[in-house]
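What follows is the residue order along each chain.
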Amino acid sequence: MAVGSKELASLELDTFEDERLIDELKKAKEELFNLRFQSATGQLESHGRLRAVKRDIARIYTVIRERELGIRATPVVSEAPAKPAKKPAAAKKSTKPEADEATDDAETSTDASSADPSGTKEEAK
């Protein structure tokens, strides 16, 4: 099983904005530097933490690169959910597609030309 920090799971990194990802990357690099320094001086207690921090850095770089390539979506910033403004009844659009409207217009023009000027239809016998 992979060792990594529980606070920087890949699913959680998806929710971070680009600025926060860069901040997390800086923190992880500083921690890696400190861990390497402790390892060199013989003060390091947990050698597994070095591996976990390296993997966190790799995860962050992967998320950043995938966002650059468009593979992974950048999260949308939503500060507070705003209530949608109600539109007046006159401003509502028709639910018919545009293609249906064009055929409706064509049908009404042919109906009008075949109609009797008096407005009533008479059958030819």
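A brief report on the enclosed structure follows. All values derive from a computational prediction rather than experimental measurement.

## Remarks on the side chain of arginine 67
Along the chain, arginine 67 falls in helix H3 (residues 48-69). Given the relative accessible area of 10%, arginine 67 is considered buried.

## Quick look at the packing of helix H2 (residues 18-41) against H3
Remark: H2 packs on H3, axes separated minimally by 9 Å, with the N-to-C direction vectors making an angle of 155°. Classified by the angle between their axes, H2 and H3 sit roughly antiparallel to one another. Crossing angle aside, the handedness with which H2 passes H3 is left-handed. On H3, the residues touching Asp18, Leu21, Glu24, Leu25, Ala28, Lys29, Glu31, Leu32, Leu35, Arg36 and Ser39 of H2 are Arg49, Leu50, Val53, Lys54, Ile57, Ile60, Tyr61, Val63, Ile64 and Arg67. Taken together, the residues of the contact of H2 with H3 break down into 12 nonpolar, 1 polar and 8 charged.

## Looking at the side chain of aspartate 56
As for its position among the elements, aspartate 56 is in helix H3. For aspartate 56, a relative accessible area of 3% translates into the label buried.

What counts and how
- Residues numbered from 1 in each chain as written.
- Predicted model: local features only at pLDDT ≥ 70, side-chain atom pairs only at ≥ 80, totals over all residues.
- Heavy atoms only, no water.
- Helix = DSSP H or I, 4+ residues; strand = E, 2+ residues; numbered from the N terminus.
- Buried < 20%, exposed > 50% of the residue type's maximum accessible area, 1.4 Å probe, protein only.
- Axes fitted to C-alpha atoms, helices over the stretch in contact; angles between N-to-C directions.
- Parallel < 35°, antiparallel > 145°, perpendicular 65-115°, else oblique.
- Left-handed = near helix turned anticlockwise from the far one by under 90°.
- Contact = heavy atoms within 4.5 Å.
- Nonpolar A, V, L, I, M, F, W, Y, C, P; charged D, E, K, R; others polar.

Purely geometric numbers; function is a separate question.
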